[in-house]
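These are the residues of each chain, in order.
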Amino acid sequence: MCFVHSDRRPSTPRRLVGPAAAVVLLLAALSQSGCASKTEDLVIPDKPVEQLYNDGITAGCNTNPLAYCPDVTVTRAQMAVFILKTTHVRGYLPLPCTGRFLDVPCPNGFAVNWIEEFANECISVGCGDHIFCPDLVVTREQMAVFLRKAFLIPDACNPPACS
């Protein structure tokens, strides 16, 4: 999947992803099966955050009062949960951790079961030899790779050369 901005500014793949962008990108991945030529081509509901909340995909960043915090960045650990909750049925819980990553304590690390399932599904195998880097902030470039792998989206923007 690729996005060409409607205002024709170049994409910034290393820019960090916040929850607001994550919602749009997740919903776009759910509705697209190719390359969107402009942002107007994306099918996004009127209230995307509320849809993801009602679907049990996000609980927000605060429960009293209920808040989403769209300008806060998203970590790799949070994105593992976010994407897997989007790709699986409501109520899905991953299997218990096995200690796959040295920097994600099993069984007491934040989102450890989700992180290991993220790797088991080959969405991301980590950021180094047996490390996941759960606290690093996700970039747009990483998000694009996660979405392509999670939603099995072919690289329509860069098809393989004909043989």
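Keep in mind it's a predicted model, so treat the numbers as computed, not measured. (Residues numbered from 1 in each chain as written. Predicted model: local features only at pLDDT ≥ 70, side-chain atom pairs only at ≥ 80, totals over all residues. Heavy atoms only, no water.)

1. Regarding the confidence of the model for the protein chain
Right, so step 1: Confidence in the prediction for the protein chain averages 77 pLDDT; 66% of positions are at 70 or higher.
Right, so step 2: At the low end of the mean pLDDT range in the protein chain sits helix α1 (residues 19–31), at 65; at the high end sits helix α4 (residues 112–120), at 97.
Right, so step 3: Predicted confidence for residues 1–11 stays below pLDDT 50, and this span has 28 contacts to residues more than four positions away or in other chains.
Right, so step 4: Counting interchain partners and residues more than four positions distant, the pLDDT-below-50 stretch residues 33–42 has 22 contacts. (pLDDT = per-residue confidence, 0-100. Helix = DSSP H or I, 4+ residues; strand = E, 2+ residues; numbered from the N terminus. Contact = heavy atoms within 4.5 Å.)

2. Focus on the nonpolar core
Right, so step 1: Of all hydrophobic cores here, the largest spans 29 residues; its most connected members are Met79, Ile83, Ile115, Phe118, Ile123 and Phe146.
Right, so step 2: At the level of elements, α3 (76–87), α4 and α5 (140–150) are the ones that each hand at least two residues to this core.
Right, so step 3: The element best represented in this core is α3, accounting for seven residues.
Right, so step 4: Beyond its immediate stretch of four places on either side in the chain, Ile123 contacts Ile83, Leu84, Phe118, Phe146, Lys149 and Ala150. (Core = buried A, V, L, I, M, F, W, Y, C linked by side-chain atoms within 4.5 Å. Buried < 20%, exposed > 50% of the residue type's maximum accessible area, 1.4 Å probe, protein only.)

3. Quick look at α5
Right, so step 1: Every buried residue of α5 is accounted for by Arg140, Met143, Phe146, Leu147 and Ala150. Taken around the axis of α5, the buried residues stretch over an arc of 115°, which confines them to a single face.
Right, so step 2: Phi for Leu152, located one or two positions after α5, is positive at around 50°. (Arc of directions from axis to C-beta.)

4. Concerning the packing of α3 against α5
Right, so step 1: Following both chains from N to C, one finds α3 and α5 inclined at 30°, their axes separated by 11 Å at the closest point. Considering their axes alone, α3 and α5 lie roughly parallel with respect to each other. In the crossing of α3 with α5, the sense of the turn from one axis to the other is right-handed. Seen from α3, the contacting residues are Arg76, Met79, Ile83 and Thr87; seen from α5, they are Gln142, Met143, Phe146, Leu147 and Ala150.
Right, so step 2: Residue composition of the contact of α3 with α5, by class: six nonpolar, two polar and one charged. (Axes fitted to C-alpha atoms, helices over the stretch in contact; angles between N-to-C directions. Parallel < 35°, antiparallel > 145°, perpendicular 65-115°, else oblique. Left-handed = near helix turned anticlockwise from the far one by under 90°. Nonpolar A, V, L, I, M, F, W, Y, C, P; charged D, E, K, R; others polar.)

5. Considerations on the packing of aromatic side chains
Right, so step 1: For the structure on display, the rule yields four aromatic pairs.
Right, so step 2: Judged by centre distance (5.9 Å) and plane angle (75°), the rings of Tyr92 and Trp114 are edge-to-face. Of the two residues, Tyr92 is situated in the loop between α3 and α4 and Trp114 in helix α4; the sequence distance between them amounts to 22 residues.
Right, so step 3: We classify Tyr92 as partly exposed; its relative accessible area is 22%.
Right, so step 4: Relative to Phe132, the ring of Phe101 lies with its centre 5.4 Å away and its plane at 55°, an arrangement referred to as tilted. Here Phe132 lies in the loop between α4 and α5 and Phe101 lies in the loop between α3 and α4, a separation of 31 residues in the sequence. The pair Phe101 / Phe132 is uniform in exposure class, with both members buried. (Phe/Tyr/Trp six-rings, centres within 6.5 Å; stacked < 30°, edge-to-face > 60°.)

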